[in-house]
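Single-letter residue listing:
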Amino acid sequence: MSTFTSSAELLPKSQQHNMAAMGGVLLANKPVVGGVLADGRPSSSLFYWSHSHFTDDFEFGLHDHQGFEIITVILEGSNSHYDTATRRWADLVAGDVQIIQSGSGVSHNERVAKGARAFQIWFDPNYQAALKRPARYVDHHEGEFGWIEFEAFAVLPIAGKGAPVDVSTPGLTMRRLRVQPGTTAHLPIDPKHLVFCYVIEGAPEISGHAAQTDDFVTLTQASDAVVAAGSQAADVFVVTVPAQPAYAPVRSR
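Residues numbered from 1 in each chain as written. Predicted model: local features only at pLDDT ≥ 70, side-chain atom pairs only at ≥ 80, totals over all residues. Heavy atoms only, no water.

Trainee: Quick rundown of the sheet that holds strand β24 (residues 234-242)? Include the residues and the values.
Mentor: Ordered in space as β1-β22-β19-β24-β17-β16-β15, the 7 strands form an open sheet in which the pairing is antiparallel. Both edges of this open sheet fall to β1 (7-11) and β15 (148-149), since each of them pairs with a single strand only. Pairing of β15 with strand β16 (residues 153-159) involves 2 bridges; the strand directions are antiparallel. Bridge pairing in β16 links E149 to A154. (Pairing = 2+ DSSP bridges. Helix = DSSP H or I, 4+ residues; strand = E, 2+ residues; numbered from the N terminus.)

Trainee: Please give an account of the sheet that holds strand β21 (residues 209-210) that cites residues and values.
Mentor: Here 4 strands make up an open sheet; going across it, the order is β18-β23-β20-β21 and the pairing antiparallel. Only two strands of the sheet have a single neighbouring strand rather than two, namely β18 (184-188) and β21. Relative to strand β23 (residues 224-228), strand β20 (residues 205-206) runs antiparallel, the two sharing 2 bridges. Within β23, the residue paired with I206 across the bridge is V227.

Trainee: Which residues make up the pairing of strand β3 (residues 26-33), and what values do they have?
Mentor: Of all 8 residues in β3, 6 are buried; the element is thus mostly enclosed. Bridge count for strand β2 (residues 17-21) against β3 is 5 bridges, and the pairing is antiparallel. Residue M19 lies in a different strand from β3, and its bridge partner there is A28. Between the end of β2 and the start of β3, which pair antiparallel, lie 4 residues, with M22 showing a positive phi angle near 55 degrees. In terms of strand pairing, β3 meets strand β5 (residues 46-54) through 5 bridges, oriented antiparallel. Bridged to A28 within β5 is S52. (Buried < 20%, exposed > 50% of the residue type's maximum accessible area, 1.4 Å probe, protein only.)

That is the geometry; function is a separate question.
The following block contains the structure:
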């Protein structure tokens, strides 16, 4: 009989895919690209994760998506988007979340304001099956989300079971965790899931690893994520997906 042990791996910002594009208007660090972590490890159905910061106003122009489930979380500032599913412009501000289930195909455009900062995270919900479904766009505004308060920390459910954002990627959960200075949070995890922790702010220790802002910690076969804040509060974004989905993710096809 095999024996399984939990593990945690730190991926510092310096070892992620870091880039400046559009003449320096877009600054991004990307812990995951193409279904693979920046250090080469597979990331299951998590296909892409970009933390983007815009130094000036920028418009992407109309472009296509197919198959993937794309979640955008506005951390600061604002953007506006247009898509061929709703055929209208809509505004998003800090605290808002957008989900694109791109299905058989959709085109959209984004106008991003100077100073905006956001996560854009792509998931593979079973790509070939998703291509047979119509595209769907939903915007969720900050008032739809509610923090669950504990003694020393708070959890914001964002996506997945029991959260406002309904997803089609099996087993996907997305939460934001805030931990008060000098305290520790234990966030329960299904050991059959991969756990991805992105430090938005602070310098917490995550499951034994000293992390800084924009660092990324991956947990394998863990029953909880342990986040200990130091002298300042910690703000950590936590995503989980099954370690072994029932289908072959895009990376391995």
